[in-house]
Each structure stands twice: as structure tokens, then as C-alpha cells.
Amino acid sequence: AAAAAAAAAAAAAVTHTYAAATSQNGGGASTARIVSCNTSDEMLSEQTIPKLQASLEAIGLPVSGNKAKLVQRLRLHAEGELCKIEGQNPIYLKTGNLKKALASRGLSCDMRLQQRDELLAALITALRSEADSGGDKAANAANPGDDGSDNMASS
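These remarks concern the structure in this document.

Calculation rules
- Residues numbered from 1 in each chain as written.
- Predicted model: local features only at pLDDT ≥ 70, side-chain atom pairs only at ≥ 80, totals over all residues.
- Heavy atoms only, no water.
- Helix = DSSP H or I, 4+ residues; strand = E, 2+ residues; numbered from the N terminus.
- Buried < 20%, exposed > 50% of the residue type's maximum accessible area, 1.4 Å probe, protein only.
- Contact = heavy atoms within 4.5 Å.
- Core = buried A, V, L, I, M, F, W, Y, C linked by side-chain atoms within 4.5 Å.
- Axes fitted to C-alpha atoms, helices over the stretch in contact; angles between N-to-C directions.
- Parallel < 35°, antiparallel > 145°, perpendicular 65-115°, else oblique.
- Left-handed = near helix turned anticlockwise from the far one by under 90°.
- Nonpolar A, V, L, I, M, F, W, Y, C, P; charged D, E, K, R; others polar.
- Salt bridge = Lys/Arg side-chain N within 4 Å of Asp/Glu carboxyl O.
- Expected span 1.5 Å × (residues − 1).

### Side note on the overall build of the protein
In terms of helices and strands, the protein carries seven helices and zero strands. Secondary structure elements in the protein, listed N-terminal to C-terminal, are α-α-α-α-α-α-α. Burial analysis of the protein (155 residues in total) assigns 34% to the buried set. Counting only contacts in the protein whose residues sit at least 6 apart along the sequence, the fraction spanning at least 24 positions is 49%.

Given below as C-alpha cells:
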């Protein structure tokens with residue numbers, strides 16, 4: 001119970017950091033997670049490793065890695081909240097659906113060559129680009145209920 005309370009407090013501290021940064025940029029509390037990457041990186045960099053780990057744990061993400069990796073993972077989560085696929089933050093995609101989402105955009109999906117966080121960063125960049133250009137690929141790709149197989153009936 002004490003660990004859960006500490007995790008919640010650390011997550012609240014990071015959320016407060018997002019809210020403070022957004023308020024300084026003219027946004028409201030409802031857009032607390034919508035902060036530019038540079039601002040959130042700077043603010044997250046000021047957090048201690050245990051607080052970063054607690055924040056990651058509170059949102060169900062891995063807590064391994066050095067401080068830079070922890071900050072990157074929190075940044076990816078925040079960016080993913082703006083670029084959802086089928087209503088889901090891409091950071092929570094299962095491996096198969098992540099690979100489908102990457103492949104449908106012509107991106108590398110070989111997890112032997114790149115780490116998951118690097119692949120997620122590439123996917124989120126592509127999703128932002130699609131959103132900026134008004135593309136609809138994000139709504140059509142990586143359907144979590146789709147197993148990706150084509151039904152081929154022989155005649």
C-alpha cells in the first residue's frame with residue numbers, strides 16, 4: 001500500500017509538472033499532457049530516477065533503463081496520448097499490432113535491429129505527420145481486434 005501511494009504521488013508530481021508547463025504556455029489543466037517535447041523533457045529531467053520509475057509504474061510501463069530512457073518513455077507516453085490508434089496510445093500496443101502499424105506506414109518493424117522505444121518513436125512521428133497532413137491511416141491501421149490474416153478462399 002505504501003509503494004502504491006508513493007507511485008501515485010510521483011505520478012501526480014509528473015502530472016502537476018505537465019499541468020504547470022501547459023499553464024505557462026497558455027493552456028488549461030484539461031490539456032495537462034499536451035506539452036511540447038522539449039518542455040516536458042526539461043521538466044522530467046529534473047525528476048529523480050525513483051520518481052520517474054514510480055510514474056512509469058503508475059501508468060503500466062517498464063521501469064528499467066537509465067534516466068534518459070525513463071524520460072524518453074514518459075515523453076513517448078505523453079506524445080502517444082495525442083496520436084492514438086483506434087483510441088489506444090501506441091505505447092500500449094502489443095508487439096504484433098505495433099509491427100502492423102509500423103509496416104502499414106512503410107517503417108522498419110524489425111525488433112532485432114531497433115529497440116521497442118525507438119520503433120514507438122518512429123511510429124508516433126509518423127502518426128503526427130499523418131495528423132498534420134489530415135491523413136486517415138491512423139484510424140485504419142493496427143486494429144487491435146484484427147489478427148492481420150487475409151481470408152483467402154480457393155475456388
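### Concerning the nonpolar core
Formed by 20 residues in total, the largest nonpolar core has its most connected members in L52, I85, L93, L98 and L123. Every element with two or more residues in this core is listed here: helix 3 (49-58), helix 4 (67-80), helix 5 (95-103) and helix 6 (116-133). If one sorts the elements of this core by residue count, helix 6 sits on top with five residues.

### Structural notes on unusual backbone geometry
Even without a glycine there, the phi angle at E86 is positive, about 55 degrees. Looking at the secondary structure, you find E86 in the loop between helix 4 and helix 5. The exposure class assigned to E86 is partly exposed, which follows from its relative accessible area of 40%.

### What about the packing of helix 4 against helix 6?
Look at helix 4 against helix 6: their axes get within 10 Å of each other, and the N-to-C directions meet at 30 degrees. Relative to helix 6, the element helix 4 is oriented roughly parallel. For the element pair helix 4 and helix 6, the recorded crossing hand is left-handed. Listed contacts from helix 6 to K69, Q72, R73, L76, E79 and G80 of helix 4 are D117, L120, A121, I124 and R128. Looking at the contact of helix 4 with helix 6, its residues break down into four nonpolar, two polar and five charged.

### Comments concerning the pattern of salt bridges
Close approach of charged atoms lets side chains of opposite charge pair. The tally for this structure, following the rule as stated, stands at six salt bridges. For R75, the salt bridge is made with E79, and the minimal N-O distance between the two is 3.0 Å. Of the two residues, R75 and E79 both sit in helix 4, four residues apart, roughly one turn of that helix. A single burial state applies to R75 and to E79, both of which are buried. Notably, a salt bridge pairs E130 with R105, separated by 2.7 Å at the nearest N-O pair. With E130 in helix 6 and R105 in the loop between helix 5 and helix 6, this residue pair connects regions lying 25 residues apart in the sequence. Across the pair, exposure class does not vary: E130 and R105 are buried alike. What emerges from the salt-bridge pattern is a single network uniting R75, E79 and R128.

### Observations regarding helix 6
The end-to-end C-alpha distance of helix 6, which contains 18 residues, comes to 26 Å, matching closely the 26 Å that a straight helix rising 1.5 Å per residue would cover. By the burial criterion, the buried members of helix 6 are D117, L119, L120, L123, I124, A126, L127 and E130. Backbone geometry just after helix 6 places G134 at a positive phi near 80 degrees.

Interpretation note: all reported values are geometric properties and have no functional meaning in isolation.
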